[in-house]
Amino acid sequence: MKKLFLGLGALVLGAFTLVSCGGNSNQITLWCGAESADFYEKEGNEFFKNNAEFSQFSLKAVATDAGTTPGEMITDNTKCADIITVAHDNIGKLANQNKIKPLINEDLINQIKNDNPENFVSVAQSTLGGDSEKRFFAVPYISQSLFLYYNKSLVTEEQAKTFEGLKEAGKAANAKGFTVTGLDGYNFSFTILALNAETKTSTLRLYNDGTRLDAYAQGDDEVALLRWSQRIFNDPNGGLLPSDTAWAVSVQNKKVLAVVGGAWHYNAFLKSVGEENFGATVLPTMTLTEDDVAGTTIAAGTKFQAGTFADCKVFLINAASDASKYNAISALLKHLSSTTVQNKSFKECQNLPAYKGSSAYIESIKSEISANSYATATAQLKMAEFGMPQPFINGTLNTLYYSSGAPKLYELCIVNEKGAYNDIRKLRETLYRMEFIWKYMEDPADNIPETLPTPAVKAFQLMFQK
């Protein structure tokens, strides 16, 4: 093991030392969310001040959008901060392109292993470009998932528990019951990852253990849920498919009553409905009708719990950061991701902790935080029961799921313009094409088998078919 760490140390302190991102050799730069920049800058500088070994360093935190950071890193990481924040599904993409440094500080790695749930420990690892050995790259420090925001003046607590209730509220208000905030594979996860509410199971398989060919989307439950999506999004009081920037305006104008969103939508939703009308809870259930399940083995009346990717945001070390800062950065990240600082970050910035058992702390300070903050936190923690981390351990899997055409196929089927996807064959073709894209980055639109669904075979069998 020591030989491995020495090898990695040489790699980190050698191949990745060409450019200093921080400008000032004693200043470390950090990109994080606007709600957190002041907090982490203060915490970091206090840490350096109180640790003589690193007292020559200072921290400058800059508010940035974690969603655009991966693209900026790939374009030119020499113009990015020493430490960046991204959602964990970007780790593999950046590691495979040698844009981030592996972690070699054993104390930091042990803290990651000891403090985090198993799924976050798993996704914190990836492989360097051209290598097959997994290493730690990421430091989890924020947990997040989809949940439901709702306007309490127009939606009751009981109505917020089901999509049928949201539709009922929408009808009473002459509005849409709910909206999603985008048309990508993440926003569609609430149906793609939905679970049978009784058994908490699904036929979906999505890169189990990071295996590219271990994917299956053709189960009858996925067919019925896709038809449910067609029905609910084409109902005048059902769901809305807006652009990412339009949903908040619709909420503010009371044209839509609830939002399937994440913690990053908190401020926009709060501004749209006001403090007194703010509601947050777990995602609702949907009950399938006879029409939804026609042609499948799913029974009418089956209830499904909307699902989510239950993820973490992570700190990463830019590969272009000067090697002279590496030890200080490692020590800093151990401090900033500690349970103590994560707790402070939640209390001051509403960043939901990523460490296991954090719900006990949140309950202990319930009286010290706003009811809205508490509701948002508990909704996300409860959604973890129905969620899975994004399994995109490398850049290829991320691209296959998000950027190779599958979300657009799903959207077109939901919109169902002029009834083009009314026939169950069209639904099954859509799901087959999505699954094929997830595996092979190709759309087999002109070469779809006569018999659908195709079997859900093991990944090692698929290896010999392509």
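Nothing here was measured: the structure is a model prediction, and the numbers come from that model. (Residues numbered from 1 in each chain as written. Predicted model: local features only at pLDDT ≥ 70, side-chain atom pairs only at ≥ 80, totals over all residues. Heavy atoms only, no water.)

Undergrad: Describe the overall build of the protein chain, listing the residues and the values that go with them.
TA: Counting its regular elements, the protein chain contains 20 helices and 19 strands. Radius of gyration (C-alpha) of the protein chain: 23 Å, near the 23 Å computed for a compact globule of 466 residues. When burial is assessed residue by residue, the protein chain has 57% of its 466 residues classed as buried. When the accessible surface of the protein chain is summed, it comes to about 19,500 Å², and 49% of that surface belongs to carbon and sulfur atoms. Side-chain charges of the protein chain comprise 43 positive and 50 negative groups, with the mean position of each set lying 1 Å from the other. (Helix = DSSP H or I, 4+ residues; strand = E, 2+ residues; numbered from the N terminus. Rg over C-alpha atoms; globule rule 2.2 N^0.38 Å. Buried < 20%, exposed > 50% of the residue type's maximum accessible area, 1.4 Å probe, protein only. Areas by Shrake-Rupley, 256 points an atom, 1.4 Å probe, with all protein chains shown as cover. Lys, Arg positive; Asp, Glu negative; His and termini not counted. Charge placed at Lys NZ, Arg CZ, Asp CG, Glu CD.)

Undergrad: Describe helix α9 (residues 220-233), naming the residues involved and giving the relevant values.
TA: Taking 1.5 Å per residue, 14 residues should reach 20 Å; α9 reaches 20 Å between its end C-alpha atoms and fits that length. Most of α9 is tucked away: 13 of the 14 residues are buried. (Expected span 1.5 Å × (residues − 1).)

Undergrad: So, the packing of aromatic side chains: which residues are in play, and what are the values?
TA: The relation between two aromatic rings is expressed through the spacing of the ring centres and the mutual angle of the planes. Per the counting criterion, the structure on display carries 30 aromatic pairs. Here the aromatic rings of Phe163 and Trp228 are separated by 5.1 Å at their centres, their planes lie at 65°, and the arrangement is edge-to-face. Here Trp228 lies in helix α9 and Phe163 lies in helix α7 (residues 163-173), a separation of 65 residues in the sequence. Trp228 shares its class with Phe163; the two are buried. Considering the side-chain rings of Phe190 and Phe233, the 6.5 Å spacing of their centres and the 75° angle between planes classify their relative orientation as edge-to-face. Here Phe190 is found in helix α8 (residues 189-192), whereas its partner Phe233 is found in helix α9, with 43 residues between them in sequence. The same class applies to Phe190 as to Phe233, namely buried. Through a chain of ring-to-ring contacts, three or more aromatic side chains come together here, namely Tyr186, Tyr207, Trp264, Phe309, Phe392, Tyr401, Tyr402 and Trp438. (Phe/Tyr/Trp six-rings, centres within 6.5 Å; stacked < 30°, edge-to-face > 60°.)

Undergrad: Before we move on, can you summarise the side chain of Asn372 with the specific residues and values?
TA: Counting through the fold element by element, Asn372 comes out in helix α16 (residues 371-383). When its relative accessible area of 6% is taken as the criterion, Asn372 is described as buried. Within the structure, the side chain of Asn372 is placed 2.9 Å from the side chain of Glu275, a separation counted as a polar contact. For Asn372, the contacting residues outside a window of four places in its chain are Tyr266, Leu270, Glu275 and Phe278. (Polar contact = N/O pair within 3.5 Å; in protein donor to acceptor, adjacent residues only side chain to side chain. Contact = heavy atoms within 4.5 Å.)

Undergrad: Talk me through the sheet that holds strand β12 (residues 239-240); I want residue IDs and the actual numbers.
TA: Spatial strand order, β12-β8-β13-β7-β14: five strands in an open sheet with mixed pairing. The outermost strands of the open sheet, each flanked by one partner alone, are β12 and β14 (278-281). (Pairing = 2+ DSSP bridges.)

Undergrad: Please give an account of the side chain of Asn116 that cites residues and values.
TA: Within the secondary structure, Asn116 is located in the loop between α5 (106-115) and α6 (118-123). Judged by relative accessible area, which is 5%, Asn116 ranks as buried. A polar contact is formed between the side chain of Asn116 and the backbone oxygen of Ile112, at a distance of 3.0 Å.

Undergrad: Before we move on, can you summarise the pattern of salt bridges with the specific residues and values?
TA: All told, the structure shown has 16 salt bridges when counted by the stated rule. Of the charged contacts, one joins Lys79 and Asp76 as a salt bridge, the two residues approaching to 4.0 Å between their closest N and O atoms. Where Arg231 meets Asp292, a salt bridge forms, and the shortest distance between an N and an O atom there is 2.8 Å. Taken together, the positions of Arg231 in helix α9 and Asp292 in helix α12 (residues 290-293) put the pair 61 residues apart, joining distant regions of the chain. In this structure Arg231 comes out as partly exposed when scored by relative accessible area, which is 28%. If you follow the salt bridges from partner to partner, you end up with Arg425, Lys426 and Glu429 in one network. (Salt bridge = Lys/Arg side-chain N within 4 Å of Asp/Glu carboxyl O.)

Undergrad: Could you give me a rundown of the packing of α9 against helix α19 (residues 424-440), with the residues and numbers involved?
TA: Here α9 crosses α19 at 115°, and the two axes come no closer than 10 Å. Comparing the axis directions of α9 and α19 gives the class roughly perpendicular. Where α9 crosses over α19, the handedness of that crossing is right-handed. Within the contact between the two elements, α9 uses Asp220, Glu222, Val223, Leu226, Arg227 and Gln230 and α19 uses Ile424, Leu427, Arg428, Thr430 and Leu431. Residue composition of the contact of α9 with α19, grouped by class: five nonpolar, two polar and four charged. (Axes fitted to C-alpha atoms, helices over the stretch in contact; angles between N-to-C directions. Parallel < 35°, antiparallel > 145°, perpendicular 65-115°, else oblique. Left-handed = near helix turned anticlockwise from the far one by under 90°. Nonpolar A, V, L, I, M, F, W, Y, C, P; charged D, E, K, R; others polar.)

Undergrad: Tell me about the confidence of the model for the protein chain, residues and numbers included.
TA: Fine structural detail should not be taken from predicted coordinates in areas where pLDDT scores are low. The pLDDT averaged across the protein chain works out to 91; a share of 92% of its residues lies at or above 70. Residue range residues 1-20 is modelled with pLDDT below 50. Its contacts to residues more than four positions away, or to other chains, number 36 contacts. Scored below 50 in pLDDT, residues 459-466 makes 11 contacts in the model with residues more than four places away or belonging to other chains. (pLDDT = per-residue confidence, 0-100.)

Undergrad: With reference to specific residues and values, describe empty space enclosed by the protein.
TA: By the definition in use, this model includes three cavities of 30 Å³ or more. In this structure, the largest cavity encloses a volume near 40 Å³. Lining the largest cavity are Gly185, Phe188, Ile192, Tyr401, Ala406, Pro407, Tyr410, Met434 and Trp438. Looking at the lining of the largest cavity residue by residue, the classes come out as eight nonpolar, one polar and no charged. (1 Å grid on protein atoms, 1.4 Å probe; cavity = no way out; pocket = protein on both sides within 12 Å on 5 of 7 lines; lining within 4 Å. Points joined across faces, edges and corners; volume = space filled by probe spheres on them.)

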